[in-house]
Amino acid sequence: MEQEKRQKMLAEYCKTRDVGLRNELVTEYMYLADMVARKYAGRGVEYDDLKQIAAMALIGALERFSCDKGIQFSTFAVPSMTGVVKNYFRDRSRIIRMPRTIGERVQKITLAREALTQELMRAPTPREIAERCGYSEADVLEATEAMQSLSLTSLDAQVGEEEDTPLASMLGQEEAEFENIALRDLLQKVMDKLSDAEKKILHMRYFEERTQRDIAREMGVSQMYVSRVERKMLARFREALREA
């Protein structure tokens, strides 16, 4: 029922782009931001900060989303939100070895820049960042120069409060829970177009792990028919993956 409600709200938002409705949708989909934040929590950044970053990315995903493409919003949004959080960790990895005062300032400015970019729909000025952080413009410019002067940190660099977690271990890994969201939506999209016989073959073949010969015997059809149906279904899944 909740999913149906979200779909109706999302369809209406795609038509109107009403800011009030967008804010309601942010609340409805905030569980996605929570999932992303929890995935990366405990790695040197507070959960609340990560959730704020993911929530800002959620707003951006809603504003870019098009209902015409035929994909679930979660399938579209989760990779985008995860990418923003990963980018934050990449940026943060550059400040780990800075003097503590400058490093803390850069981290705060980075968070403020992310939030203001989403709020203003453009890159914020140094003055706007300074006002958000309570710094002077000179402080913001100094921190920005410090960031730009650093080369990219090796993926073997240690990050985190205890400095015992390689950065590489945080990047390029997708939580099974996130993958399941995309795969479930994709599977449902394809299965909705299958006949009852095709659904039965799919279930027996891949969920019960039965052979084509066994399926053919139970359904009273030839093994060639089962093989042909299976190839047809796999082709549909490949096509859906290409379009996703």
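Residues numbered from 1 in each chain as written. Predicted model: local features only at pLDDT ≥ 70, side-chain atom pairs only at ≥ 80, totals over all residues. Heavy atoms only, no water.

K.L.:
Looking at this model, I keep getting lost on the state of the cysteines. Mind explaining?
P.N.:
Cysteine pairs can be covalently joined through their sulfur atoms, and such a bond is termed a disulfide. Within this structure, the stated rule accounts for one disulfide. Covalently, Cys14 is tied to Cys67 through a disulfide, its sulfur atoms 2.1 Å apart. Taking the sign of the S-S torsion, 75° for the link of Cys14 and Cys67, the bridge is right-handed. In this pair, Cys14 is assigned in helix α1 (residues 2–16) and Cys67 in the loop between α4 (47–64) and α5 (73–93), connecting sequence segments 53 residues apart. (Disulfide = S-S within 2.5 Å. Helix = DSSP H or I, 4+ residues; strand = E, 2+ residues; numbered from the N terminus.)

K.L.:
Sorry if this is basic, but what is going on with the confidence of the model for the chain here?
P.N.:
Reading predicted coordinates in detail is not appropriate for stretches of low pLDDT. Mean pLDDT for the chain: 75, with 73% of residues reaching 70 or above. Throughout residues 150–180 the model reports pLDDT below 50, and contacts reaching past four residues in sequence, or to other chains, amount to 57 contacts. (pLDDT = per-residue confidence, 0-100. Contact = heavy atoms within 4.5 Å.)

K.L.:
What's the story with helix α2 (residues 19–28) in this structure? I'm lost.
P.N.:
What sets the pattern is the α-helix's 3.6 residues per turn: residues three or four places apart point alike. Every buried residue of α2 is listed here: Leu21, Arg22, Leu25, Val26 and Glu28. For α2, the arc enclosing every buried residue in end-on projection is 160°, short of the 170-degree limit, so these residues lie on one face. The elements touched by buried residues of α2 are α1, α3 (30–40) and α4. Residue Asp18 occupies the N-cap position of α2, its side-chain oxygen lying 3.1 Å from the main-chain nitrogen of Gly20. (Buried < 20%, exposed > 50% of the residue type's maximum accessible area, 1.4 Å probe, protein only. Arc of directions from axis to C-beta. Polar contact = N/O pair within 3.5 Å; in protein donor to acceptor, adjacent residues only side chain to side chain.)

K.L.:
Can you walk me through the pattern of salt bridges in this structure?
P.N.:
It is possible for side chains of opposite charge to pair when their charged atoms get near one another. Under the counting rule described, the total for this entry stands at nine salt bridges. Glu4 is the partner of Lys8 in a salt bridge, and the nearest nitrogen-oxygen pair spans 3.6 Å. Highlighted residues: Lys8 and Glu4, both in helix α1, separated by four residues, approximately one helical turn. We note a salt bridge from Lys232 to Glu198, for which the minimum N-O separation is 3.5 Å. Residue Lys232 is located in helix α12 (residues 223–243), and its partner Glu198 is located in helix α10 (residues 196–207); the two are separated by 34 residues in the primary sequence. (Salt bridge = Lys/Arg side-chain N within 4 Å of Asp/Glu carboxyl O.)

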